[in-house]
Amino acid sequence: MIVDTHVHLDDSRYTEDLEEVLRRSAEAGVTQWIIPGADPGTLARAVAIAEAHEGCYFAVGVHPYDARNYDRKLLERYIGHEKCVAVGECGLDYYRLPESEEAIAEEKRIQKEVFVDQIALAKEHEKPLIVHIREASRDSQELLESHAGKRGGVLHCYNADHQLLRLAERGFYYGIGGVLTFKNARKLVEVYPRIPRERLLIETDAPYLTPHPFRGRRNEPAYCRIIAEKMAELSELSFEELTGICRENTRRLFGV
């Protein structure tokens, strides 16, 4: 049994055929799903989906692109729900920054402030973090090492930065998705064997980052099998061994 530890089932691209998507997922052996919190506007839908499906869970959080819409009270409204397993996805994303130095500094300040507050929220409620890092490894690592609690979390869509491997010692796991199958994923393929096996998680980030050979299509949780097959190959393990390890890692981190 495979758990998709990061799948945006609350995305509007699943509105028309969510039940079919989940049916195909279950047929592929992917029978549990974690919906990360990203857009405050879809959090209520994520909760409703989790409540309607036995194997589905959610997290509360605000993506760095939505940092200006951060509302801690909204997250606190749902964090005690029996199906809330984490805080995130939260973090830093410097991929699209304003042009002026003053605006860049302000954007980074807001993102950091919101990230630190979500780290604090996770500590208060003893939840793991789901962390988004894009072109912001140094600042993200510094904040996590300074503020994160004992529960740790997962570096979603791990970006293959060697320095971030140090966070494994602080309770952090590494989410591996469709990027591992890309033809231009040389850096991740090279770094992957250095990730401790007991820190590996499987994710799709669907509807984004569809694995090869289906790039260009909407991603789905059923494609976890493709990712797991590539992970097993690089780990020199059987598919069953690799998925069993990741299943135990998921249970240990998220409690599901």
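Shown above is the structure to which this text applies.
Quick look at the structure, then. Values in this document were obtained by computation on a predicted structure and should not be read as measured data.

With respect to the sheet that holds strand β4 (residues 84–93)
Here we have 8 strands laid out as an open sheet, ordered β1-β2-β3-β4-β5-β6-β7-β8, and parallel in their pairing. Single-partner strands in this sheet number two, and they are β1 (2–4) and β8 (200–202). With direction set aside, neighbouring strand axes in the sheet form an average angle of 30 degrees. Relative to strand β5 (residues 129–134), β4 runs parallel, the two sharing 6 bridges.

Some words on the nonpolar core
In a soluble, globular protein the nonpolar side chains are often hidden away together inside. Core analysis: the largest hydrophobic core is formed by 70 residues, its most contacted members being Leu129, Leu144, Leu155, Tyr158, Met231 and Leu242. Residue contributions to this core peak at 6 residues, all from helix α4 (residues 101–124). Beyond its immediate sequence surroundings of up to four residues, Leu242 is in contact with Tyr192, Leu200, Ile202, Ala228, Met231, Ala232, Ser235 and Leu237. In terms of nonpolar packing, the next biggest core, distinct from the first, is built from 12 residues, Ile34, Tyr57, Ala59 and Tyr173 among them.

A short note on α4
Look at α4: 35 Å from first C-alpha to last across 24 residues, which is about the 34 Å you get at 1.5 Å a residue. Looking at α4, one finds that the buried residues are Ile104, Glu107, Ile110, Gln111, Val114, Phe115, Gln118, Ile119, Leu121 and Ala122. Looking one or two residues past α4, Glu126 carries a phi angle of roughly 55 degrees, positive in sign.

Things to note about helix α1 (residues 18–27)
Three- or four-residue spacings in an α-helix give side chains the same orientation, since the helix completes a turn every 3.6 residues. Every buried residue of α1 is listed here: Leu18, Val21, Leu22 and Ser25. Looking straight down α1, one finds that the buried residues subtend no more than 95 degrees of arc, so they occupy a single side. Within two residues after α1, Gly29 carries a phi angle of roughly 90 degrees, on the positive side.

What about the pattern of salt bridges?
By the definition in use, this model includes 20 salt bridges. Ionic pairing is found between Asp161 and Arg138, a salt bridge with its closest N-O pair at 3.4 Å. With a gap of 23 residues between them, Asp161 in the loop between β6 (153–156) and β7 (172–176) and Arg138 in helix α5 (residues 137–147) connect regions that are remote in the sequence. Across the salt bridge formed by Glu248 and Arg251, the nearest N and O atoms sit 2.5 Å from each other. Taken together, the positions of Glu248 and Arg251, both in helix α8 (residues 239–254) and 3 residues apart, correspond to about one turn of that helix. Taken together, the salt bridges that share partners define one network made up of Asp17, Arg24, Arg218 and Glu220.

Digging into the packing of α4 against α5
Relative to each other, α4 and α5 sit at 35 degrees, their axes nearing to 11 Å. As for how α4 packs across α5, the hand of that crossing is right-handed. On α5, the residues that touch Lys112, Phe115, Val116, Ile119 and Lys123 of α4 are Asp139, Ser140, Leu143, Leu144 and His147. The residue makeup of the contact of α4 with α5, split by class, is 5 nonpolar, 2 polar and 3 charged.

Quick look at the packing of aromatic side chains
Applying the stated criterion to the full structure yields 2 aromatic pairs. With centroids separated by 4.8 Å and ring planes inclined at 5 degrees, the aromatic side chains of Phe214 and Tyr223 adopt a geometry described as stacked. Taking the relative accessible area as the measure of exposure, Tyr223 reaches 15% and is therefore buried. A cation over a ring is seen here: Lys108 above Tyr94, with NZ or CZ 4.5 Å from the ring centre. Over the ring of Tyr95 we find Arg134; its NZ or CZ atom is 3.5 Å from the centre of that ring.

Remarks on unusual backbone geometry
Along the chain, Ala206 connects to Pro207 via a cis peptide bond; the corresponding omega equals 15 degrees. Topologically, Pro207 is positioned in the loop between β8 and α7 (224–235). Look at the link from His212 to Pro213: it is a cis peptide, with omega at 15 degrees. Mapped onto the elements of the fold, Pro213 is located in the loop between β8 and α7. Positioned with a positive phi, Ala160 is a non-glycine residue whose angle comes to about 70 degrees. Note that Ala160 resides in the loop between β6 and β7. The buried category is assigned to Ala160, whose relative accessible area is 2%. Residue Leu209 is not a glycine yet carries a positive backbone phi of 55 degrees.

Definitions and limits used
- Residues numbered from 1 in each chain as written.
- Predicted model: local features only at pLDDT ≥ 70, side-chain atom pairs only at ≥ 80, totals over all residues.
- Heavy atoms only, no water.
- Pairing = 2+ DSSP bridges.
- Helix = DSSP H or I, 4+ residues; strand = E, 2+ residues; numbered from the N terminus.
- Axes fitted to C-alpha atoms, helices over the stretch in contact; angles between N-to-C directions.
- Core = buried A, V, L, I, M, F, W, Y, C linked by side-chain atoms within 4.5 Å.
- Buried < 20%, exposed > 50% of the residue type's maximum accessible area, 1.4 Å probe, protein only.
- Contact = heavy atoms within 4.5 Å.
- Expected span 1.5 Å × (residues − 1).
- Arc of directions from axis to C-beta.
- Salt bridge = Lys/Arg side-chain N within 4 Å of Asp/Glu carboxyl O.
- Left-handed = near helix turned anticlockwise from the far one by under 90°.
- Nonpolar A, V, L, I, M, F, W, Y, C, P; charged D, E, K, R; others polar.
- Phe/Tyr/Trp six-rings, centres within 6.5 Å; stacked < 30°, edge-to-face > 60°.
- Lys NZ or Arg CZ within 6 Å of the ring centre and 35° of its normal.

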